[in-house]
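One letter stands for each residue in the lines below.
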Amino acid sequence: MIKTVVLDSVIEAATMLREGKLVAFPTETVYGLGARLFDEEGIRSVFQAKGRPSDNPLIVHVSSLLQVEAIAQEIPSIFYRLAQLFWPGPLTVVLKKQPHVSLLVSGGLDSIAIRMPSHPMALELINQVGAPLVAPSANLSGRPSPTQASHVLEDLEGSIAAVLDGGECPLGVESTVISLLEDEIVILRPGSIGKEELEKVLERAISFASEKTPLRSPGMKYRHYAPSSPLQLVETQGEITSALDRWEGKKMVLASDPIPSSSGYDSFVLSSHNLYALLRQADREGYVGIVVLCDSALRRDEALVNRLLKASNS
Ligand code: TXA
Ligand code: MG
């Protein structure tokens with residue numbers, strides 16, 4: 001066990017990273033667990049602290065296009081267009097990696113996932129360290145991603161050096177991950193930048209990688225975002241009661257519009273911003289089951305639906 005400190009100084013966080021220590025930091029999506037890209041020992045510790053399988057690659061966080069050009073190769077022109085439109089921001093692109101980037105980072109693949117975060121503390125941290133940072137979400141593997149410093153401590157206190165506290169992450173779900181490895185652009189993980197938005201600005205069709213296609217995003221094969229309390233999705237208000245009847249005890253109902261709480265359950269308004277905080281609350285407070293009203297309004301949020309499906313394991 002080591003002592004995990006909570007920091008509000010980017011400079012102190014940068015110093016620790018330069019010393020090879022693990023520091024979690026806020027981004028506009030979720031908190032990431034940082035180590036320097038070329039610190040092999042630090043990278044091994046990231047996998048170890050999270051309990052992450054070694055074939056699940058990490059996202060590299062940069063603060064400039066020069067840093068991208070130093071680690072990726074055969075970069076297609078569409079990358080520059082996407083960077084101009086969406087960076088800094090919640091878009092991760094998968095490019096061919098340069099050979100000097102460790103296979104530890106890429107989980108053995110010859111590609112590398114890269115994004116430029118827009119959170120001011122994250123950008124400043126990369127600049128202060130003076131090098132790209134690898135940063136998977138700062139949760140234990142299989143747990144909901146952290147959107148507050150306290151969530152990071154829940155999972156990683158005692159196994160990382162520090163968490164840089166930037167309050168709540170504004171978006172709350174992880175970045176959209178797209179592959180630019182082939183001519184056809186593929187969304188490997190939905191995020192707040194949606195398929196339609198990408199298609200509109202790029203004026204071309206984009207597809208979702210189905211979980212059945214060859215494993216293009218290794219992360220897709222693992223069960224993710226899971227609360228310990230079982231979670232069931234229903235489509236209409238009428239189905240809520242019968243879904244709740246399966247459980248005895250404290251129950252949670254989530255919906256995108258307010259539903260009155262009743263003696264049988266507590267209800268909360270759900271958005272992609274607070275999904276992970278609610279799942280963690282359910283675990284912490286001993287809810288025995290969660291029912292989510294996945295109506296047509298909620299179904300329009302493709303990132304939220306994707307995470308709910310994973311959490312429900314369906
Ligand atoms: O918003 C985010 O992306 C957050 C913040 C911290 O930036 N990070 C994050 O990292 O969600 P992580 O490690 O939890 O998820 C990374 C995802 C995984 O599904 C992984 O398989 C995929 O990106 N990925 C990474 N490198 C890849 C590669 N070379 N090819 C395909 N997928 C890759
Ligand atoms: Mg993650």
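Reading guide: rules and limits
Residues numbered from 1 in each chain as written. Chains lettered and ligands numbered in written order. Predicted model: local features only at pLDDT ≥ 70, side-chain atom pairs only at ≥ 80, totals over all residues. Heavy atoms only, no water. Pairing = 2+ DSSP bridges. Helix = DSSP H or I, 4+ residues; strand = E, 2+ residues; numbered from the N terminus. Axes fitted to C-alpha atoms, helices over the stretch in contact; angles between N-to-C directions. Contact = heavy atoms within 4.5 Å. Parallel < 35°, antiparallel > 145°, perpendicular 65-115°, else oblique. Left-handed = near helix turned anticlockwise from the far one by under 90°. Nonpolar A, V, L, I, M, F, W, Y, C, P; charged D, E, K, R; others polar. Buried < 20%, exposed > 50% of the residue type's maximum accessible area, 1.4 Å probe, protein only. Arc of directions from axis to C-beta. Salt bridge = Lys/Arg side-chain N within 4 Å of Asp/Glu carboxyl O. Phe/Tyr/Trp six-rings, centres within 6.5 Å; stacked < 30°, edge-to-face > 60°. Lys NZ or Arg CZ within 6 Å of the ring centre and 35° of its normal.

### Points about the sheet that holds strand S13 (residues 231-234)
The strand order across the open sheet built from 4 strands is S13-S16-S14-S15, with neighbouring strands paired in parallel fashion. Of all the strands in the sheet, just S13 and strand S15 (266-269) have a single pairing partner and so form its edges. Taking the axes of each pair of neighbouring strands and ignoring which way they run, one obtains an average angle of 25° across the sheet. In this structure, strand S14 (residues 251-255) lies alongside S15, joined through 4 bridges in parallel fashion. Bridging across to S15, Met252 finds its partner in Asp266. Most of the contacts of helix H10 (residues 275-284) go to S14, to which it runs at about 170°, and overall it touches S13, S14, S15 and strand S16 (289-293). Each of S13 and S16 is contacted by helix H12 (residues 302-312), which is oriented at about 130° to S13, the strand it contacts most.

### Considerations on the packing of helix H7 (residues 149-156) against H10
Direction vectors running N to C along H7 and H10 enclose 50°, while the axes themselves pass 11 Å from each other. Taken together, H7 and H10 sit at an angle that is classed as oblique. The handedness of the crossing between H7 and H10 is left-handed. In this structure, H7 uses His151, Glu154 and Asp155 to contact H10, whose residues at the interface are Ala277, Arg280 and Arg284. Considered class by class, the residues forming the contact of H7 with H10 number 1 nonpolar, 1 polar and 4 charged.

### Remarks on helix H2 (residues 40-50)
The set of residues buried in H2 consists of Gly42, Ile43, Val46, Phe47, Ala49 and Lys50. For H2, the angular spread of buried residues about the axis comes to 170°, placing them on one side. Summarising the geometry of H2, the exposed residues directed more than 90 degrees from the buried face are Glu41 and Gln48. Looking at the buried residues of H2, the elements they touch are strand S3 (32-36), helix H5 (103-106), strand S8 (133-134) and H7. Once H2 ends, the next one or two residues include Gly51, with phi positive near 70°.

### Topic: the pattern of salt bridges
Using the criterion set out here, one finds 13 salt bridges in the structure. The salt bridge partner of Arg115 is Glu28, with a shortest N-O separation of 2.7 Å. On the criterion of sequence distance, the pair formed by Arg115 in strand S7 (residues 111-115) and Glu28 in the loop between strand S2 (23-25) and S3 is long-range, its members being 87 residues apart. For Arg115, a relative accessible area of 2% gives the class buried. Residues Arg143 and Asp155 are paired through a salt bridge, measuring 3.3 Å at the closest nitrogen-oxygen approach. Of this pair, Arg143 sits in the loop between S8 and H7 while Asp155 sits in helix H7, placing them 12 residues apart in sequence. Taking relative accessible area as the criterion, Asp155 reaches 9% and is therefore assigned buried.

### Remarks on the packing of aromatic side chains
A full pass over the atoms with the stated rule returns 2 aromatic pairs. Aromatic side chains Phe79 and Tyr80 sit 5.0 Å apart centroid to centroid with 75° between the ring planes, which places their arrangement in the edge-to-face category. Overall, the relative accessible area of 1% leaves Phe79 in the buried class. With a centroid separation of 5.3 Å and an interplanar angle of 80°, the aromatic rings of Phe79 and Trp87 are classed as edge-to-face. Relative accessible area serves as the criterion here: at 10%, Trp87 is assigned to the buried category. Aromatic ring contacts, followed pair by pair, group Phe79, Tyr80 and Trp87 into a single cluster. Across the ring face of Tyr287, the terminal group of Lys250 is positioned such that the distance to the ring centre comes to 4.6 Å.

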